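Here is how the chains run, residue by residue.
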Amino acid sequence: MTIQTNQTTPHASWSPVTTRRGEVTRWSRTIIPTLRDAPAEATTPSHQLLLRAGYIRQVAAGVYDYLPLAWRSLRKVSEIIREEMNAAGGSELLMPALAPIELFEETGRAQDYGDDLFRLEDRHGRRTALGPTHEEVITDFLRHAVTSYRQLPLTLYQIQTKFRDEPRPRAGLLRCREFIMKDAYSFHLTVDGPGGLNDAYDAMYRAYCNVFRRCGLDFTVVEAESGPIGGSASHEFMVNCETGEDTILRCPETGYAANVEKCEIGERPWSFESGAGVQPVTLQKHHTPDMPGIDIVAGHLRVTPAGMLKTLVLQPAAGVNSGGVKWVLAIVRGDHEVNLGKVRDAVGFKVALGDEKAARQAGFAIGYVSPRAARGTPNCMLVVDPDAAQGASAWATGADEPDHHVTGFVWSRDCPDNPASAGYVKVADIRNAQVGDPSPRCTGARLVAQRGLETGHIFKLGSKYSVAMGFSVMDESQVRQPVIMGCYGIGVSRTMAACVEMSHDENGIIWPAALAPYHAEIVLMKPDEPVHAALAERLAGDLADAGLDVLIDDREERPGVKFKDADLIGMPVRLTIGQKALDAGGVEFKPRADEGKGEVVGLDLVVGRCLASLAR
RNA sequence: CAGGGCGUAGCUCAGUUUGGUAGAGCACCUGCUUUGGGAGCAGGAUGUCGCAGGUUCAAAUCCUGUCGCCCUGACCA
């Protein structure tokens, strides 16, 4: 057996300008445990393929080994992120995964994060958390290290393993308990102006677009929940793919896109007046026992869910100032979903589902509540979605007594304004947007839906953490100011999985050149044929000289096995060295994304051909 | 957390209803043949049937408990 020298050892002499030389790996000397069948527990494409192609192995629920191929790909994602973060003015550092729980108690996140925070206790009984993100840790560092406004602005980031005790890990790398994340934090004295938060936020926005574009991903930027500063203070970067966990809505005219929970809905006409020429209908009570779900009730009453009013009994969230309001009834059409965030914006304070016991005591027939329940209930607010505030329609709704519903409900007749609730009736957008709703940005346009996978999120934090942790600096006029912060995350391991999710076929993964563990795979048909083996080594060396990473499949396997595995692991270019092609004066060249068997390319042209193909 | 499903060889699974010697295909090892899309023949190795109790002459199979994993939902900076 001959000893193979490592051809990628860099020269000992140092040079300030380096052209990266590619790396060469032999399959027989690494481990790529491909599987013919996908393990039964994998159901999503990226999970199945990453397992089958020998990239990952499960260690526990939501915990995975990153095997050599996956780690190479992850490093490529990380390197792209580093370059863009550095270009955007960031400095990389590394904080610990372990952090004392007291830090999270300072900001209240020990409570807010709840069971999602991984907790452990060391031998001394010290309570410790495994970091889910590092706002507290970095703020703790900087409140000691930064004392003057002259040290700001500052952007710091790290690429690190993060921990979340997910209630239900799923879909392989897409929702893990342990995962790799890039988290960045920026610090400012002001929101606007040079060196302000908005500058850094915009720079990050551009950097994120660059990162995902360079990764070869098809993505959409969506507006997410507004932060404490207002405006569009948060954006999510969603990879477009059908299997994505999130539904996003998009205005085809303006490019406005938002998460389904956050999406605004355009103007909708409404009126409680019944109008002229409407046939009078009588209010009729119906016995509707044991009918869980609005569809069943609607079927029994011979109406559609869209012909019903759904009433949710809500209460002000614990500890908020509701101005004396004790109950909030949220009314939407039966086929719509109440959005608690929108209700909060409409009423001006945070709300939660009402406590069932207390609601019953207050006289609400839970499950059979109608808008009329607001009458006679003191301190009860009524919030109605425009689609439900249609006075010209006769509605089906609850009868406000157990096991009964009514039909023929007319707003103007059956629910006149309640003296006890005077001024407490409000019409507002309080439901989740859906396909076909009017665009909030363009009259006449309708929202369309697409599925997405969140791989990045940028956020204007404001001074939430700096105030809670006492991080302030002296400004020019010698006034102490809380530092204003932004935070910016990218799921590194999730980005890799999202790429597989987005780009594969029935035979395996199809990597974009930027994230592929190796740019090219050389399939050696006869590894024990010295001439062939020597050619493979020479070709790999030439490719490496051109900056390409190369995997040589030198296993003693049948051709079929090697071709199947090559398709499965998905390197962008496949070069086959076999007698057939050699007799024709070259090697067989085939891009992974192309159909067919490839073509013979002369030896002196192969490198150029590979480079051209990868640059596409 | 609620509902459902699964745990038997490295992988996919049969066997559990009706208790009676632990199975198949693929993978693995050896030899021969074969060599451009998951080969053929011959031989070989492989298991605390998730774990712990219980019932029984006898438990993968029945009972009780427990752990793990998956799916749907709730949840998700």
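Residues numbered from 1 in each chain as written. Chains lettered and ligands numbered in written order. Predicted model: local features only at pLDDT ≥ 70, side-chain atom pairs only at ≥ 80, totals over all residues. Heavy atoms only, no water.

## Things to note about the overall build of chain A
Along chain A, the regular secondary structure elements total 16 helices and 32 strands. Within chain A, the fraction of its 616 residues that count as buried is 50%. Long-range pairs, those at least 24 residues apart, make up 70% of the contacts in chain A with a sequence separation of at least 6. Split by element, the accessible area of chain A, about 28700 Å² in all, is 51% carbon and sulfur. If the 66 positive side-chain charges of chain A are averaged to one point and the 79 negative ones to another, these points end up 1 Å apart. (Helix = DSSP H or I, 4+ residues; strand = E, 2+ residues; numbered from the N terminus. Buried < 20%, exposed > 50% of the residue type's maximum accessible area, 1.4 Å probe, protein only. Contact = heavy atoms within 4.5 Å. Areas by Shrake-Rupley, 256 points an atom, 1.4 Å probe, with all protein chains shown as cover. Lys, Arg positive; Asp, Glu negative; His and termini not counted. Charge placed at Lys NZ, Arg CZ, Asp CG, Glu CD.)

## A look at the pairing of strand E29 (residues 550–553)
Burial along E29 is two-sided: Val 550 and Ile 552 facing one way and Leu 551 and Asp 553 facing the other are all buried. Judged from the three bridges that link them, strand E1 (residues 24–26) and E29 form a sheet pairing that is parallel. Each residue of the ladder has a partner; that of Thr 25, found in E29, is Leu 551. Pairing of strand E28 (residues 520–524) with E29, which is carried by four bridges, proceeds in the parallel orientation. Bridging from a neighbouring strand, Ile 522 pairs with Ile 552 of E29. In this region the chain leaves E28, passes through helix H13 (residues 530–545) and returns to the parallel neighbour E29; the handedness of that crossover is right-handed. (Pairing = 2+ DSSP bridges. Right-handed = clockwise from strand over helix to strand, strands pointing away.)

## Here we look at the packing of aromatic side chains
In total, this model carries nine aromatic pairs according to the counting rule given. Between the aromatic rings of Phe 118 and Phe 163, the centroid separation amounts to 6.5 Å while the plane-to-plane angle is 85°, which identifies the pairing as edge-to-face. One end of the pair, Phe 118, is in strand E6 (residues 118–121); the other, Phe 163, is in strand E8 (residues 154–163), and 45 residues separate them in sequence. The pair Phe 118 / Phe 163 is uniform in exposure class, with both members buried. (Phe/Tyr/Trp six-rings, centres within 6.5 Å; stacked < 30°, edge-to-face > 60°.)

## Overview of the protein's contact with RNA strand B
Looking at RNA strand B, there are 37 residues lining it, with Ala 40, Arg 164, Arg 558, Asp 567 and Glu 588 nearest. Close to the protein, within 4 Å, the atoms of RNA strand B are drawn from sugar and phosphate at a rate of 44%. Arg 558 is positioned such that a nitrogen or oxygen atom in its side chain is 2.6 Å from a base oxygen of RNA strand B. Residue assignment for the surface near RNA strand B shows that the elements contributing at least two residues are strand E2 (56–60), helix H14 (559–569), strand E30 (573–577) and helix H15 (579–583). For the surface near RNA strand B, the per-class residue count stands at 16 nonpolar, five polar and 16 charged. (Near = heavy atom within 4 Å. Polar contact = N/O pair within 3.5 Å; in protein donor to acceptor, adjacent residues only side chain to side chain. Nonpolar A, V, L, I, M, F, W, Y, C, P; charged D, E, K, R; others polar.)

## Some details on the side chain of His 336
Among the secondary structure elements, His 336 is positioned in the loop between strand E16 (327–333) and helix H8 (340–347). In this structure His 336 comes out as buried when scored by relative accessible area, which is 2%. With residues up to four places along the chain from it excluded, the contact list for His 336 reads Lys 310, Asp 387, Arg 431 and Gln 434.

## Examining the domain arrangement of chain A
In terms of domains, chain A is made up of domain 1 (56–264 + 449–499), domain 2 (284–427) and domain 3 (518–615). A straight line from the C-alpha centre of domain 2 to that of domain 3 covers 67 Å. (Domains from an automatic or database assignment.)

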